[in-house]
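Close look at the chain arrangement
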Amino acid sequence: MRVVTTAQPLDVQPTPLALLLLGREADPKSERGVECPGDLPAPSDPDLVERARAAKAKLGDKVFVLGHHYQRDEVIEFADVTGDSFKLARDAAARPDAEYIVFCGVHFMAESADILTGDDQQVILPDLAAGCSMADMATAEQVAECWDVLTEAGIAEQVVPVSYMNSSADIKAFTGKHGGTICTSSNAKRALDWAFEQGEKVLFLPDQHLGRNTAVRDMGMSLDDCVVYNPHKPNGGLTVEQLRGAKMILWRGHCSVHGRFSLDSVNDVRERIPGVNVLVHPECKHEVVAAADYVGSTEYIIKALEAAPRGSKWAIGTELNLVRRLANRFASEDKEIVFLDKTVCFCSTMNRIDLPHLVWALESLAAGKVVNRIQVDKETESFAKLALERMLALP
């Protein structure tokens, strides 16, 4: 082993990105951690639950609390509705009388809620550092550069962008501006069917796995029909011939939670639990999806377990908070529900929304002070809403 020593101390300065990840400094166009002003109550405060109840009661119908499925139980307890990102954004839009929408999720979800709700409603994210690593993997500048590459290759006019709901408002706006649509993990096939009626190729942003799995598993394409565009390489790391020959141009992005599951995880759980049903989210890698028994969105996973027979065994490949909640919910029906991987896999940014942050946000609103408001500028909102409306119009 080689040991490297130095007589001088290293003058290592953190990069701007590192500062953002550490929660210092701010970048309003980034999903990454930014400062969250305000004095939070201590997480050890025994009165947190009662304080949350009191603040919510004081606000009454003025507040509507949304809780994503991946939130911790202590937060879900105070949610008026629970669901995946798009369901929650639609639920918010269906409550026009609520002055405050407190979104217990991550930044791109709060943006979507702001886009779909009225101008007189204010969307609050309890912790501005609750971002999304997947959404971070595609910036507006990178996607604009990609489009230039497609234009130079002579194929941009044939390409229809399809962006996953798990993307920033900027990416949704790019999609709307270039004739594309948004999709969820539930309707990705319908979105792609529509896109291929409009053009010959699809640029799928930002999750390569959902795009690949939908194209190959659900639409009968081959892996050779897909190429991966890497924004950190010149021309995306692809030749003009590769771009021209591809049907699916997949952005090099992924979910840090679902990307952890492996084929070994599937094989291991089948050995440990004979007769187990493996149910995974389509954000998982292609080899994991191919080896699973069932594949579907968060809502699909919940409904599948609701319909499962008593005594059945399930290994679930999605975020741990949800899996644990489902295991507790169905324990009385003798349904054995386990996490697909042996290692713990919370969504770290989603878990930044905790009870102290929620209490702080609710108490601030109850005192007449709006904190952590998420606002999408009008031009971005206009084009992003266009892309979302195209999705809503899908057959």
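Structure's up top.
Residues numbered from 1 in each chain as written. Predicted model: local features only at pLDDT ≥ 70, side-chain atom pairs only at ≥ 80, totals over all residues. Heavy atoms only, no water.

1. A short note on the environment of E363
You can see E363 is positioned in helix 16 (residues 355–366). Note: C-alpha distance between E363 and R51 (312 residues apart in sequence) is 7.9 Å. For E363, the contacting residues outside a window of four places in its chain are R51 and A55. (Helix = DSSP H or I, 4+ residues; strand = E, 2+ residues; numbered from the N terminus. Contact = heavy atoms within 4.5 Å.)

2. A closer look at the nonpolar core
In this structure, V102, F204, M248, V280 and I337 are the most contacted members of the largest nonpolar core, which totals 109 residues. For this core, the element with the most residues is helix 16, which contributes seven residues. (Core = buried A, V, L, I, M, F, W, Y, C linked by side-chain atoms within 4.5 Å. Buried < 20%, exposed > 50% of the residue type's maximum accessible area, 1.4 Å probe, protein only.)

3. A look at the pattern of salt bridges
Applying the stated criterion across every chain, the model contains 19 salt bridges. A salt bridge links R325 to D73, with the nearest nitrogen and oxygen atoms 2.7 Å apart. With R325 in helix 15 (residues 320–329) and D73 in helix 3 (residues 73–76), this pair connects stretches of sequence that are 252 residues apart. According to the relative accessible area criterion, D73 is partly exposed, its value standing at 39%. Here D119 ties to K378 by a salt bridge, and the two come within 2.9 Å at their closest N and O atoms. With D119 in the loop between helix 5 (107–116) and strand 4 (122–124) and K378 in helix 17 (residues 378–392), this pair connects stretches of sequence that are 259 residues apart. (Salt bridge = Lys/Arg side-chain N within 4 Å of Asp/Glu carboxyl O.)

4. Things to note about unusual backbone geometry
A cis geometry characterises the amide bond from L205 onward to P206, with omega recorded as -20 degrees. Looking at the element boundaries, P206 is found in the loop between strand 7 (201–205) and helix 10 (208–218). Not every positive phi belongs to a glycine, and N235 is a case in point at roughly 55 degrees. Considering the arrangement of structural elements, one finds N235 in the loop between strand 8 (226–229) and helix 11 (240–245). With phi around 60 degrees, D334 is a residue other than glycine that occupies positive phi space. With a relative accessible area of 52%, D334 lands in the exposed category.

5. Details of the sheet that holds strand 10 (residues 277–280)
One open sheet accounts for four strands, arranged 11-10-12-13; its pairing is parallel. The open sheet has two edge strands, strand 11 (294–295) and strand 13 (336–339), and neither has a second partner. Of the strand pairs in this sheet, strand 10 and strand 12 (residues 313–317) are connected by four bridges, and their pairing is parallel. Along strand 12, the bridge assignment pairs V280 with G317. Helix 15 contacts strand 12 and strand 13 of the sheet and is inclined by roughly 165 degrees relative to strand 13. (Pairing = 2+ DSSP bridges. Axes fitted to C-alpha atoms, helices over the stretch in contact; angles between N-to-C directions.)

Without other data, these values stay purely geometric and don't point to any function.
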